[in-house]
Amino acid sequence: MSDKLLVIGSSGQIGTELVLELRKIYGEKNVIASDIRSTSKKTLQNGPFELLDVMNEKKLFQIVKKHKITQVYLLAALLSARAEKNIELGWSLNMRSHSHVLDLAKEGFIKKIFWPSSIAVFGPNTPKKNTPQFTIMEPNTVYGISKLAGERWNEYYFNKFNVDVRSLRYPGLIGWRAKAGGGTTDYAVNIFHDAIQKQKYTCYLSKNTTLPMMYMPDAIEATIKLMESKSESITIRSSYNLSGVSFNPEEIANEISKHVPDFEIIYKQDYRQKIADSWPQSINDSYAKNDWNWQSKYDLKKMCTDMIKNLSTQYLNLVK
Ligand code: SER
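In what follows, the accompanying structure is described. (Residues numbered from 1 in each chain as written. Predicted model: local features only at pLDDT ≥ 70, side-chain atom pairs only at ≥ 80, totals over all residues. Heavy atoms only, no water.)

## Structural notes on the overall build of the protein chain
Okay, so step 1: A tally of helices and strands in the protein chain yields 12 helices and 14 strands.
Okay, so step 2: Since a compact globule built from 320 residues should have a radius of gyration of about 20 Å, the 19 Å found for the protein chain is in line with a globular shape.
Okay, so step 3: In terms of principal-axis extent, the alpha carbons of the protein chain reach across some 55 × 50 × 40 Å.
Okay, so step 4: Counting across all 320 residues of the protein chain, residues that qualify as buried make up 56%.
Okay, so step 5: Long-range pairs, those at least 24 residues apart, make up 78% of the contacts in the protein chain between residues at least 6 apart in sequence.
Okay, so step 6: Of the roughly 14300 Å² of accessible surface on the protein chain, 50% is carried by carbon and sulfur atoms. (Helix = DSSP H or I, 4+ residues; strand = E, 2+ residues; numbered from the N terminus. Rg over C-alpha atoms; globule rule 2.2 N^0.38 Å. Buried < 20%, exposed > 50% of the residue type's maximum accessible area, 1.4 Å probe, protein only. Contact = heavy atoms within 4.5 Å. Areas by Shrake-Rupley, 256 points an atom, 1.4 Å probe, with all protein chains shown as cover.)

## Details of the pattern of salt bridges
Okay, so step 1: One pass over the structure, following the stated rule, counts 15 salt bridges.
Okay, so step 2: Here Lys111 and Asp3 are joined by a salt bridge, their closest N and O atoms 4.0 Å apart. Pair noted here: Lys111 is in the loop between helix H5 (87-106) and strand E5 (112-114) and Asp3 is in the segment before strand E1 (5-8), with a separation of 108 residues, a long-range link.
Okay, so step 3: On the accessibility criterion, Lys111 (57% relative accessible area) is exposed.
Okay, so step 4: Between Arg177 and Glu17 there is a salt bridge; the shortest N-O distance is 3.4 Å. (Salt bridge = Lys/Arg side-chain N within 4 Å of Asp/Glu carboxyl O.)

## Here's the deal with the packing of helix H7 (residues 187-198) against helix H9 (residues 249-257)
To characterise two packed helices, one gives the angle between the axes of the helices and the distance between these axes.
Okay, so step 1: Here H7 crosses H9 at 30 degrees, and the two axes come no closer than 11 Å. With respect to H9, the element H7 is oriented roughly parallel. Crossing handedness for the pair H7 and H9: right-handed. Contacts between H7 and H9 involve Tyr187, Ala188, Ile191, Phe192 and Ala195 on the former and, on the latter, Pro249, Ile252, Ala253 and Ile256.
Okay, so step 2: Residue composition of the contact of H7 with H9, grouped by class: 9 nonpolar, no polar and no charged. (Axes fitted to C-alpha atoms, helices over the stretch in contact; angles between N-to-C directions. Parallel < 35°, antiparallel > 145°, perpendicular 65-115°, else oblique. Left-handed = near helix turned anticlockwise from the far one by under 90°. Nonpolar A, V, L, I, M, F, W, Y, C, P; charged D, E, K, R; others polar.)

## Here we look at the site of the ligand
Okay, so step 1: Around the ligand, a shell composed of Leu79, Ser80, Ser118, Tyr143, Gly183, Thr184, Thr185 and Trp279 is seen.
Okay, so step 2: Residue Ser80 places a side-chain N or O atom 2.6 Å away from an oxygen atom belonging to the ligand.
Okay, so step 3: The separation between an oxygen atom of the ligand and a polar main-chain atom of Thr184 is 2.6 Å.
Okay, so step 4: Here the ligand loses 93% of its free accessible area of 240 Å² to cover by the protein chains.
Okay, so step 5: A class-by-class count of the residues in the shell around the ligand yields 3 nonpolar, 5 polar and no charged. (Near = heavy atom within 4 Å. Polar contact = N/O pair within 3.5 Å; in protein donor to acceptor, adjacent residues only side chain to side chain.)

## What to know about the side chain of Ser206
Okay, so step 1: One can find Ser206 in the loop between strand E10 (200-203) and strand E11 (211-215).
Okay, so step 2: For Ser206, a relative accessible area of 13% translates into the label buried.
Okay, so step 3: Here Asn208 takes part through its side chain, which lies 2.9 Å from a polar atom of the side chain of Ser206.
Okay, so step 4: A distance of 2.7 Å separates polar atoms of two side chains, one belonging to Ser206 and the other to Thr209.
Okay, so step 5: With sequence-adjacent residues up to four places away left out, Ser206 is seen in contact with Pro249, Tyr267, Gln269 and Gln273.

## Thoughts on the sheet that holds strand E8 (residues 168-170)
Okay, so step 1: Strand order in this open sheet of 3 strands is E6-E8-E12, and the pairing throughout is parallel. The strands lining the two open edges of the sheet, one partner per strand, are strand E6 (117-118) and strand E12 (240-241).
Okay, so step 2: Bridging between E6 and E8 involves 2 bridges; their strand directions are parallel. Of the residues in E8, the one forming a bridge with Ser118 is Tyr170.
Okay, so step 3: Taken strand by strand, helix H8 (residues 216-228) contacts E8 and E12, and its axis lies near 175 degrees from that of E8. (Pairing = 2+ DSSP bridges.)

Read these as layout, nothing more, since geometry by itself doesn't imply function.
See below:
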(Lines give C-alpha, C1' and ligand atoms only; values in the text may rest on other atoms or scores of the structure.)
Protein backbone atom coordinates (compact mmCIF):
# COMPACT_ATOMS: atom_id res chain seq x y z
CA MET A 1 0.00 0.00 0.00
CA SER A 2 1.36 3.39 -0.92
CA ASP A 3 1.84 6.08 1.70
CA LYS A 4 -0.87 8.67 2.24
CA LEU A 5 0.26 12.00 3.58
CA LEU A 6 -1.61 14.69 5.46
CA VAL A 7 -0.06 18.16 5.50
CA ILE A 8 -1.58 20.28 8.29
CA GLY A 9 -1.02 23.98 7.68
CA SER A 10 -0.83 23.64 3.89
CA SER A 11 -1.67 27.30 3.26
CA GLY A 12 1.31 28.57 5.22
CA GLN A 13 4.79 29.53 4.17
CA ILE A 14 6.25 26.01 4.25
CA GLY A 15 3.05 24.12 3.47
CA THR A 16 2.44 25.93 0.19
CA GLU A 17 5.78 24.71 -1.14
CA LEU A 18 5.99 21.34 0.58
CA VAL A 19 2.64 20.12 -0.77
CA LEU A 20 3.79 20.80 -4.35
CA GLU A 21 7.00 18.82 -3.83
CA LEU A 22 5.41 15.94 -1.95
CA ARG A 23 2.78 15.57 -4.67
CA LYS A 24 5.55 15.16 -7.25
CA ILE A 25 6.98 12.29 -5.22
CA TYR A 26 3.93 10.53 -3.81
CA GLY A 27 1.32 11.40 -6.44
CA GLU A 28 -1.23 14.18 -6.35
CA LYS A 29 -4.04 12.15 -4.81
CA ASN A 30 -1.83 10.75 -2.05
CA VAL A 31 -1.02 14.10 -0.46
CA ILE A 32 -3.95 15.64 1.40
CA ALA A 33 -3.55 19.35 2.03
CA SER A 34 -5.35 20.79 5.06
CA ASP A 35 -5.58 24.15 6.73
CA ILE A 36 -7.87 26.32 8.84
CA ARG A 37 -8.16 28.68 5.85
CA SER A 38 -8.56 27.86 2.20
CA THR A 39 -5.43 27.09 0.29
CA SER A 40 -3.71 28.44 -2.84
CA LYS A 41 -5.39 27.80 -6.18
CA LYS A 42 -2.49 25.66 -7.29
CA THR A 43 -2.78 23.36 -4.28
CA LEU A 44 -6.55 23.09 -4.65
CA GLN A 45 -6.40 22.37 -8.35
CA ASN A 46 -3.98 19.50 -8.20
CA GLY A 47 -5.09 17.44 -5.23
CA PRO A 48 -7.37 16.91 -2.26
CA PHE A 49 -7.89 19.59 0.40
CA GLU A 50 -9.64 19.37 3.79
CA LEU A 51 -10.61 22.35 5.93
CA LEU A 52 -9.21 21.60 9.39
CA ASP A 53 -8.75 23.45 12.64
CA VAL A 54 -6.03 21.33 14.19
CA MET A 55 -7.44 22.02 17.66
CA ASN A 56 -10.45 19.95 16.59
CA GLU A 57 -9.12 16.55 17.54
CA LYS A 58 -12.27 14.75 16.38
CA LYS A 59 -12.15 16.19 12.88
CA LEU A 60 -8.41 15.43 12.66
CA PHE A 61 -9.12 11.81 13.55
CA GLN A 62 -11.94 11.63 10.98
CA ILE A 63 -9.67 12.93 8.23
CA VAL A 64 -6.91 10.48 9.17
CA LYS A 65 -9.39 7.58 9.03
CA LYS A 66 -11.20 8.77 5.90
CA HIS A 67 -8.01 9.06 3.83
CA LYS A 68 -6.15 6.19 5.56
CA ILE A 69 -3.32 8.58 6.35
CA THR A 70 0.09 7.04 7.12
CA GLN A 71 2.23 10.18 7.54
CA VAL A 72 1.42 13.56 9.07
CA TYR A 73 3.37 16.77 8.44
CA LEU A 74 2.25 19.10 11.22
CA LEU A 75 3.08 22.63 10.08
CA ALA A 76 0.31 24.60 11.81
CA ALA A 77 1.75 26.86 14.53
CA LEU A 78 1.83 30.39 15.85
CA LEU A 79 5.32 31.77 15.17
CA SER A 80 7.49 33.80 17.51
CA ALA A 81 6.20 37.36 16.98
CA ARG A 82 2.52 36.43 16.91
CA ALA A 83 2.79 34.13 19.91
CA GLU A 84 4.26 37.00 21.98
CA LYS A 85 1.10 38.97 21.21
CA ASN A 86 -1.19 36.05 21.99
CA ILE A 87 0.48 33.97 24.67
CA GLU A 88 -2.39 31.62 25.45
CA LEU A 89 -3.21 30.78 21.85
CA GLY A 90 0.49 30.38 21.03
CA TRP A 91 1.01 27.89 23.81
CA SER A 92 -2.22 25.93 23.39
CA LEU A 93 -2.15 25.72 19.59
CA ASN A 94 1.50 24.73 19.42
CA MET A 95 1.27 22.16 22.20
CA ARG A 96 -2.16 20.63 21.68
CA SER A 97 -1.81 20.09 17.96
CA HIS A 98 1.45 18.31 18.57
CA SER A 99 0.14 16.03 21.29
CA HIS A 100 -2.92 15.12 19.17
CA VAL A 101 -0.67 14.00 16.34
CA LEU A 102 1.82 12.17 18.59
CA ASP A 103 -1.09 10.28 20.14
CA LEU A 104 -2.41 9.25 16.72
CA ALA A 105 0.96 7.58 16.10
CA LYS A 106 1.14 6.08 19.58
CA GLU A 107 -2.26 4.47 19.03
CA GLY A 108 -1.14 3.06 15.70
CA PHE A 109 -3.29 5.15 13.34
CA ILE A 110 -0.32 6.76 11.58
CA LYS A 111 3.25 5.58 11.01
CA LYS A 112 5.41 8.66 10.67
CA ILE A 113 5.37 12.30 11.76
CA PHE A 114 7.22 15.41 10.64
CA TRP A 115 7.14 18.23 13.16
CA PRO A 116 9.17 21.40 12.69
CA SER A 117 11.20 22.92 15.47
CA SER A 118 13.15 26.15 15.21
CA ILE A 119 16.25 28.15 16.12
CA ALA A 120 13.85 29.70 18.66
CA VAL A 121 14.58 26.78 21.02
CA PHE A 122 17.84 28.55 21.83
CA GLY A 123 18.06 31.48 24.20
CA PRO A 124 20.30 34.31 25.36
CA ASN A 125 22.68 31.96 27.19
CA THR A 126 23.26 29.72 24.17
CA PRO A 127 26.61 30.17 22.37
CA LYS A 128 25.71 32.46 19.47
CA LYS A 129 28.14 31.32 16.81
CA ASN A 130 28.21 27.87 15.26
CA THR A 131 25.64 26.82 17.89
CA PRO A 132 26.10 23.11 18.65
CA GLN A 133 23.35 20.49 18.58
CA PHE A 134 23.64 19.90 22.32
CA THR A 135 24.04 23.08 24.30
CA ILE A 136 22.38 25.43 26.81
CA MET A 137 18.76 25.94 25.81
CA GLU A 138 16.87 28.57 27.72
CA PRO A 139 14.36 30.08 25.27
CA ASN A 140 12.60 33.19 26.52
CA THR A 141 9.73 33.41 24.01
CA VAL A 142 6.39 31.58 24.09
CA TYR A 143 7.17 30.10 20.71
CA GLY A 144 10.65 28.96 21.77
CA ILE A 145 9.35 27.42 24.98
CA SER A 146 6.64 25.55 23.05
CA LYS A 147 9.17 24.26 20.52
CA LEU A 148 11.62 23.10 23.17
CA ALA A 149 8.84 21.33 25.05
CA GLY A 150 7.75 19.77 21.74
CA GLU A 151 11.26 18.48 21.11
CA ARG A 152 11.30 16.81 24.50
CA TRP A 153 7.94 15.17 23.74
CA ASN A 154 9.25 13.94 20.39
CA GLU A 155 12.13 12.16 22.05
CA TYR A 156 9.92 10.85 24.82
CA TYR A 157 7.36 9.39 22.40
CA PHE A 158 10.12 7.80 20.35
CA ASN A 159 11.83 6.20 23.35
CA LYS A 160 8.71 5.17 25.20
CA PHE A 161 6.24 4.30 22.43
CA ASN A 162 8.51 3.85 19.41
CA VAL A 163 6.78 6.69 17.56
CA ASP A 164 8.66 7.51 14.33
CA VAL A 165 8.74 11.27 14.71
CA ARG A 166 11.32 13.38 12.87
CA SER A 167 12.14 17.03 13.22
CA LEU A 168 14.33 19.93 12.05
CA ARG A 169 15.23 23.16 13.80
CA TYR A 170 14.47 25.42 10.86
CA PRO A 171 16.32 28.70 10.58
CA GLY A 172 14.36 31.71 9.26
CA LEU A 173 12.85 30.57 5.95
CA ILE A 174 12.78 32.63 2.78
CA GLY A 175 10.63 31.80 -0.22
CA TRP A 176 8.67 33.52 -2.97
CA ARG A 177 5.63 31.28 -3.36
CA ALA A 178 4.00 32.29 -0.07
CA LYS A 179 4.32 35.19 2.32
CA ALA A 180 5.79 34.73 5.75
CA GLY A 181 3.49 35.34 8.70
CA GLY A 182 4.06 36.04 12.36
CA GLY A 183 7.77 35.33 12.67
CA THR A 184 10.75 37.43 13.71
CA THR A 185 12.71 36.43 10.61
CA ASP A 186 9.90 37.57 8.26
CA TYR A 187 11.82 40.74 7.40
CA ALA A 188 14.05 38.67 5.11
CA VAL A 189 10.97 37.80 3.00
CA ASN A 190 9.20 41.17 3.22
CA ILE A 191 12.32 43.02 2.14
CA PHE A 192 12.14 41.38 -1.30
CA HIS A 193 8.46 42.28 -1.82
CA ASP A 194 9.04 45.90 -0.86
CA ALA A 195 12.27 46.14 -2.86
CA ILE A 196 10.47 45.04 -6.02
CA GLN A 197 7.28 47.03 -5.46
CA LYS A 198 8.52 50.19 -3.72
CA GLN A 199 12.34 50.13 -3.93
CA LYS A 200 12.22 50.90 -0.21
CA TYR A 201 11.96 48.85 2.98
CA THR A 202 11.57 49.77 6.63
CA CYS A 203 13.28 47.10 8.70
CA TYR A 204 12.19 46.31 12.26
CA LEU A 205 15.59 44.81 13.14
CA SER A 206 18.87 46.71 13.41
CA LYS A 207 21.26 46.52 10.49
CA ASN A 208 23.75 44.30 12.28
CA THR A 209 21.30 41.66 13.59
CA THR A 210 22.75 38.46 12.17
CA LEU A 211 20.41 35.45 12.14
CA PRO A 212 20.52 31.94 10.68
CA MET A 213 18.37 31.75 7.54
CA MET A 214 17.62 29.32 4.74
CA TYR A 215 16.21 29.47 1.23
CA MET A 216 13.03 27.46 0.84
CA PRO A 217 14.31 24.93 -1.76
CA ASP A 218 16.99 23.92 0.77
CA ALA A 219 14.40 23.62 3.54
CA ILE A 220 12.09 21.48 1.42
CA GLU A 221 14.97 19.25 0.35
CA ALA A 222 16.14 18.80 3.94
CA THR A 223 12.63 17.93 5.08
CA ILE A 224 12.11 15.31 2.41
CA LYS A 225 15.61 13.91 2.86
CA LEU A 226 15.06 13.49 6.59
CA MET A 227 11.65 11.88 6.10
CA GLU A 228 12.97 9.44 3.51
CA SER A 229 16.04 8.41 5.51
CA LYS A 230 16.18 4.95 7.02
CA SER A 231 15.00 4.99 10.61
CA GLU A 232 18.36 3.55 11.79
CA SER A 233 20.30 6.52 10.46
CA ILE A 234 18.30 9.00 12.52
CA THR A 235 20.19 9.37 15.78
CA ILE A 236 18.38 12.48 16.96
CA ARG A 237 14.68 12.26 17.69
CA SER A 238 14.24 15.61 19.44
CA SER A 239 15.17 17.82 16.46
CA TYR A 240 18.17 18.32 14.18
CA ASN A 241 20.15 21.56 13.92
CA LEU A 242 19.99 22.76 10.32
CA SER A 243 22.14 25.43 8.74
CA GLY A 244 21.72 27.42 5.54
CA VAL A 245 23.11 30.92 5.35
CA SER A 246 23.66 33.63 7.99
CA PHE A 247 23.37 37.35 7.26
CA ASN A 248 22.13 40.63 8.72
CA PRO A 249 19.71 43.19 7.24
CA GLU A 250 22.52 45.36 5.91
CA GLU A 251 24.14 42.46 4.08
CA ILE A 252 20.92 41.30 2.43
CA ALA A 253 20.05 44.90 1.51
CA ASN A 254 23.44 45.29 -0.18
CA GLU A 255 22.89 42.11 -2.15
CA ILE A 256 19.39 43.22 -3.20
CA SER A 257 20.81 46.60 -4.31
CA LYS A 258 22.84 44.77 -6.95
CA HIS A 259 19.52 43.84 -8.60
CA VAL A 260 17.47 46.90 -7.58
CA PRO A 261 19.94 49.81 -7.81
CA ASP A 262 17.60 52.42 -6.25
CA PHE A 263 16.80 50.24 -3.29
CA GLU A 264 16.78 51.99 0.05
CA ILE A 265 16.50 50.50 3.54
CA ILE A 266 15.70 52.35 6.74
CA TYR A 267 15.76 50.92 10.24
CA LYS A 268 13.03 51.25 12.82
CA GLN A 269 13.34 48.62 15.51
CA ASP A 270 10.35 47.20 17.36
CA TYR A 271 9.66 44.44 19.90
CA ARG A 272 11.00 41.80 17.51
CA GLN A 273 14.55 43.09 18.03
CA LYS A 274 14.59 41.58 21.51
CA ILE A 275 13.45 38.21 20.19
CA ALA A 276 16.13 38.24 17.48
CA ASP A 277 18.80 39.21 20.01
CA SER A 278 18.04 36.10 22.03
CA TRP A 279 18.72 33.75 19.09
CA PRO A 280 21.97 32.38 17.62
CA GLN A 281 23.74 33.88 14.63
CA SER A 282 24.89 30.67 13.00
CA ILE A 283 24.23 26.97 13.47
CA ASN A 284 26.38 23.86 13.49
CA ASP A 285 24.50 21.11 11.67
CA SER A 286 27.16 18.39 11.69
CA TYR A 287 24.68 15.75 12.93
CA ALA A 288 22.41 16.32 9.93
CA LYS A 289 25.46 16.18 7.65
CA ASN A 290 26.75 12.94 9.16
CA ASP A 291 23.47 11.13 9.73
CA TRP A 292 21.67 11.77 6.45
CA ASN A 293 24.14 13.58 4.21
CA TRP A 294 22.67 17.03 4.48
CA GLN A 295 24.28 19.87 2.57
CA SER A 296 22.62 23.22 1.82
CA LYS A 297 22.98 24.64 -1.70
CA TYR A 298 22.09 28.32 -1.50
CA ASP A 299 24.32 31.14 -0.30
CA LEU A 300 23.15 34.75 0.00
CA LYS A 301 24.01 35.69 -3.58
CA LYS A 302 22.36 32.66 -5.18
CA MET A 303 19.28 33.04 -3.01
CA CYS A 304 18.81 36.75 -3.80
CA THR A 305 19.18 36.18 -7.54
CA ASP A 306 16.59 33.41 -7.52
CA MET A 307 14.16 35.26 -5.22
CA ILE A 308 14.21 38.43 -7.29
CA LYS A 309 13.83 36.55 -10.57
CA ASN A 310 10.81 34.57 -9.36
CA LEU A 311 9.13 37.35 -7.40
CA SER A 312 9.49 39.82 -10.27
CA THR A 313 7.83 37.34 -12.63
CA GLN A 314 5.07 36.74 -10.09
CA TYR A 315 4.34 40.48 -9.78
CA LEU A 316 4.47 40.91 -13.56
CA ASN A 317 1.92 38.13 -13.99
CA LEU A 318 -0.34 39.78 -11.42
CA VAL A 319 -0.62 43.00 -13.40
CA LYS A 320 -1.07 41.23 -16.74
N1 SER B 1 11.02 31.94 11.52
C2 SER B 1 10.59 31.69 12.85
C3 SER B 1 10.20 32.94 13.54
O4 SER B 1 10.76 33.96 13.24
C5 SER B 1 11.68 31.04 13.62
O6 SER B 1 11.51 29.69 13.52
O7 SER B 1 9.38 32.88 14.40
